[in-house]
Amino acid sequence: MTFRENYLRMARFERPDYIPMSYCINGACWNAYPQEQLLDLMEAHPFLFPNFKRPETPMKLDFHPVARKDAPYRDDWGCVWETTQDGITGTVTGHPLADWENFKTYLPPDPEKVMGIGPIDWAQEAKSIAAARERGDFVGRGLRHGHTFLQLCDIRGYENLLFDMADEEPRLWELIDMVEQFNMGLITRYCALGVDMMGYAEDLGMQKGPMLSPDQFEKYILPSYRRLIKPARDSGALIHMHSDGDLHQLLDGILSVGVDIINLQDLVNGIDWIKEKVAGKHCIELDIDRQSVTVNGTPKDIDRLIRSEVEALGSKQGGLCMIYGLYPGTPIENAAAVMDAMEKYAFYFS
């Protein structure tokens, strides 16, 4: 069974052969750990890195402009990004509409040319997707991370945006429509190219509670979500939604827009709660803890955590995949332990 066939079976609860597992190494790690050590780990885990080809070291690192230290970057919306560590996505420190007076001359970027945070070559994308489909690969594409709510935060500033919502600022609706129409331009182009899955990723939760109230989410954000998701659903693509943080107050609304796969954090939300709310109803892409157990625990603790999550949320029918992001600060033996456990428990129900 190919990866594509297995993934589709997993998402559709059609008895996949294994639990899809993704292990993502943040770019900053290549400066934080000995490169040869990370490459050895990748080479030793072919299930997680099936197409791995060992590069020469030292590797030449080229980070996206939003993740370059001491190099402020102005994106396609006019938002200025800054970071203090190469490889770590920065924060927006310059908001083009911090003053609504600037809205009179404010223009959106062109989805024919850019993704919102950098250029896109649609002719090249068409070739890439066609080649992937010819090989039988799973083809997933998506909007940039932070496509709607966070984009509004970046343009206006977080506090300004929440005040806009509380004050029912009429110009906010115009700005929301501007952002939505840009996103729709990207989505319709991807749907026309025949993707298997469209991703809608943005963080809505904090460590405790949401970044906006459920009423604000329902009024200002969910209507855009529904409209943006419709063309992808109509094309037959799977709908993937991601949000970091505590989703207890927002998850019902998120799932109501037609989500097939929901990516959410494990310990922040609680495995028992995730099992009650989501398991068996929507496919779960579980974002494995990177705040406590994998950073401060032992390899045995990590094995126990991942096994318990697979036992609680998985089944032979499918509906579970898992993802882990390695960041600087995690002991290298723990980074290896996560790899070991993910490969081990991917076949728990086989």
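Quick notes on the rules
Residues numbered from 1 in each chain as written. Predicted model: local features only at pLDDT ≥ 70, side-chain atom pairs only at ≥ 80, totals over all residues. Heavy atoms only, no water. Helix = DSSP H or I, 4+ residues; strand = E, 2+ residues; numbered from the N terminus. Expected span 1.5 Å × (residues − 1). Contact = heavy atoms within 4.5 Å. Polar contact = N/O pair within 3.5 Å; in protein donor to acceptor, adjacent residues only side chain to side chain. UniProt positions renumbered as here; feature names shortened; annotations may be inferred. Axes fitted to C-alpha atoms, helices over the stretch in contact; angles between N-to-C directions. Left-handed = near helix turned anticlockwise from the far one by under 90°. Nonpolar A, V, L, I, M, F, W, Y, C, P; charged D, E, K, R; others polar. Buried < 20%, exposed > 50% of the residue type's maximum accessible area, 1.4 Å probe, protein only. Pairing = 2+ DSSP bridges. Right-handed = clockwise from strand over helix to strand, strands pointing away. Salt bridge = Lys/Arg side-chain N within 4 Å of Asp/Glu carboxyl O.

Colleague: Any chance you could explain helix α4 (residues 122–135) here in plain terms?
Modeller: One turn of an α-helix holds 3.6 residues; hence residues three or four places apart share an orientation. Over its 14 residues, α4 extends 20 Å from the first C-alpha to the last, a length consistent with the 20 Å expected when each residue adds 1.5 Å. If you follow the buried residues of α4, they end up packed against β5 (140–142) and α7 (170–192). Capping the start of α4 is the job of one residue whose side-chain oxygen sits 3.1 Å from the backbone nitrogen of Ala123: Asp121. Remark: Gly136 follows α4 within two positions and exhibits a positive phi of approximately 85°.

Colleague: Honestly, the UniProt feature "domain: Uroporphyrinogen decarboxylase (URO-D)" (unreviewed entry) in the protein chain in this entry has me stumped. Any pointers?
Modeller: Residues annotated by UniProt as "domain: Uroporphyrinogen decarboxylase (URO-D)" (unreviewed entry) correspond here to residues 156–345. The distance separating the terminal C-alpha atoms of residues 156–345 is 44 Å; by composition the span is 55% helix and 14% strand.

Colleague: How do you make sense of the packing of α4 against α7 when you look at a structure like this?
Modeller: The description of two helices packed together rests on the angle between their axes and the distance between the axes. As a packed pair, α4 and α7 sit with axes 10 Å apart at the nearest point and diverge in direction by 35°. Taken as a pair, α4 and α7 cross one another with a handedness that is right-handed. Residue-level inspection shows Trp122, Glu125 and Ile129 of α4 in contact with α7, the latter providing Leu186, Arg189 and Tyr190. Classifying every residue of the contact of α4 with α7 gives four nonpolar, no polar and two charged.

Colleague: What is the right way to read the pairing of strand β6 (residues 197–201) from this model?
Modeller: Among the five residues that make up β6, five are buried, leaving the element largely enclosed by the rest of the structure. Residue alternation in β6 divides its side chains into two sets, Met197, Gly199 and Ala201 and Met198 and Tyr200, and both sets are buried. In terms of strand pairing, β5 meets β6 through three bridges, oriented parallel. If you follow Arg141 over to β6, its bridge partner there is Met198. Pairing analysis gives five bridges linking β6 to strand β7 (residues 238–242), with the strands arranged parallel. Along β7, the bridge assignment pairs Met198 with Ile239. With helix α8 (residues 214–234) bridging β6 and the parallel β7, this β-α-β connection has right-handed handedness.

Colleague: Explain the pattern of salt bridges here, please?
Modeller: Oppositely charged side chains are able to pair whenever their charged atoms sit close together. Following the criterion strictly, the structure yields 22 salt bridges and no others. The partner of Glu112 in a salt bridge is Arg189, with the nearest N and O atoms 2.8 Å apart. Here Arg189 lies in helix α7 and Glu112 lies in the loop between β4 (91–94) and α4, a separation of 77 residues in the sequence. On the accessibility criterion, Glu112 (41% relative accessible area) is partly exposed. Overall, Arg189 belongs to the partly exposed group, its relative accessible area being 26%. Residues Lys230 and Asp234 are paired through a salt bridge, measuring 2.7 Å at the closest nitrogen-oxygen approach. Highlighted residues: Lys230 and Asp234, both in helix α8, separated by four residues, approximately one helical turn. In this pair, the class of Lys230 matches that of Asp234, namely exposed. Look at the salt bridges and you will find they share partners, linking Glu36, Asp40, Glu43 and Arg54 into a network.

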